[in-house]
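# Summary of structural features
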Amino acid sequence: MEPQPDRKRPMTVTRNTIKWKVVDKGLARDGWFKDADLERLASVHTIDEELLRQLFRKLTSLLRPELHLSQPELGPASSKAGQKKLARANDLMRSAQGKLFEASKIMESLGFSNPLAYAGVRNPSGRHLSELVSTLESLKECRDFYETMERSELAYFLGTPDLRKASDERRTILCITIFNLWLDLERDLGYTTDPNSGERTGPLIEFVNDVVECMTEPPSRLSGEAIKRELDDFRS
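Below or above, wherever it landed, is the structure these notes cover. Since the structure is predicted, the reported quantities are computational estimates derived from the model, not experimental observations. (Residues numbered from 1 in each chain as written. Predicted model: local features only at pLDDT ≥ 70, side-chain atom pairs only at ≥ 80, totals over all residues. Heavy atoms only, no water.)

This part takes up the packing of aromatic side chains. Per the stated rule, a full pass over the model turns up 4 aromatic pairs. Taken together, a centroid distance of 5.0 Å and an interplanar angle of 85 degrees make the contact between phenylalanine 33 and phenylalanine 56 edge-to-face. Linking phenylalanine 33 in the segment before helix H1 (35-45) with phenylalanine 56 in helix H2 (residues 49-59), this pair joins segments that are 23 residues apart in sequence. Judged by relative accessible area, phenylalanine 33 falls into the buried class, the value being 6%. On the accessibility criterion, phenylalanine 56 (0% relative accessible area) is buried. Ring geometry for tryptophan 182 versus phenylalanine 207: centroids 5.4 Å apart, planes at 25 degrees, classification stacked. You can see tryptophan 182 sitting in helix H5 (residues 169-184) and its partner phenylalanine 207 sitting in helix H6 (residues 203-214), a full 25 residues away along the chain. An identical accessibility class is assigned to tryptophan 182 and phenylalanine 207; each is buried. One residue, arginine 187, lies across the ring of tryptophan 182, its end atom 5.0 Å from the ring centre. (Phe/Tyr/Trp six-rings, centres within 6.5 Å; stacked < 30°, edge-to-face > 60°. Helix = DSSP H or I, 4+ residues; strand = E, 2+ residues; numbered from the N terminus. Buried < 20%, exposed > 50% of the residue type's maximum accessible area, 1.4 Å probe, protein only. Lys NZ or Arg CZ within 6 Å of the ring centre and 35° of its normal.)

A few words now on the packing of H2 against H6. The interhelical angle for the contact between H2 and H6, taken along N-to-C directions, is 60 degrees, at an axis separation of 12 Å. Put simply, H2 runs oblique to H6. The two elements H2 and H6 cross, and the hand of that crossing is right-handed. Touching Leu52, Leu55, Phe56 and Leu59 of H2 are Phe207, Val211 and Cys214, all from H6. When the residues that make up the contact of H2 with H6 are grouped by side-chain class, the tally is 7 nonpolar, no polar and no charged. (Axes fitted to C-alpha atoms, helices over the stretch in contact; angles between N-to-C directions. Parallel < 35°, antiparallel > 145°, perpendicular 65-115°, else oblique. Left-handed = near helix turned anticlockwise from the far one by under 90°. Contact = heavy atoms within 4.5 Å. Nonpolar A, V, L, I, M, F, W, Y, C, P; charged D, E, K, R; others polar.)

Remark: H6 packs on helix H7 (residues 224-235), axes separated minimally by 10 Å, with the N-to-C direction vectors making an angle of 105 degrees. It follows that H6 is roughly perpendicular to H7 by the angle criterion. Listed contacts from H7 to Leu204, Ile205, Val208 and Asn209 of H6 are Gly224, Ile227 and Leu231. Counted by class, the contact of H6 with H7 contains 5 nonpolar, 2 polar and no charged residues.

Relative to the elements of secondary structure, glutamate 213 occurs in helix H6. For glutamate 213, a relative accessible area of 26% translates into the label partly exposed. In sequence terms glutamate 213 and aspartate 37 are 176 residues apart; their C-alpha atoms lie 9.8 Å from each other. With near-sequence residues (within four places) excluded, glutamate 213 lies in contact with Pro219, Ser220 and Arg221.

In this section: the environment of serine 104. Turning to its location among the elements, serine 104 is positioned in helix H3 (residues 75-108). Assessed through its relative accessible area of 2%, serine 104 is described here as buried. If near-sequence neighbours (up to four positions away) are discounted, serine 104 is found in contact with Leu129, Leu132 and Leu136.

Take a look at the structure:
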């Protein structure tokens, strides 16, 4: 079987709003959480412990250092940033190619004494000039390709095109997974609002935050308003 080409998968653009734990690939599948966590959550929220174990296993992938998700909404920004960076790179390559070509013409007009001739070593100047000419040929092939990509607008940026537009994808996936569990348990996807402070709370929000505390280091909690926004998006 022929080896498959290496295809780089774009990293998910995500903005961590809290300090999620990072799970090493060598860690056991359920090694990041403790049985004591399951027992406590099962008791406080009256949920079967095995259901919680299944939930935590589903959430394991969120703690990987990198996420790989399709994000079509970021396509235009990634394309625009990619074209801008490629145009700059092509400018630099044109400049470098011009200077290297000028340097090669100078080298062709020069001769070099061989400091190791006494030891029977061949003069390496010819080999180095040949390598310089070969480098120029390779650089031209690269330039032709990248300039074609620029003209066809086929470049896209693999990094974060605009961090201001990035959301916490780990938070979103965690909330959706928990909301689905809540529906399976036939519980109300609701919350309450304190009339004085406006704080969002309720059994669902408390459960989300109890899970989040198990997945963050140091243990952290999301704001009720953030969970409400995720819930509103989930409902719509």
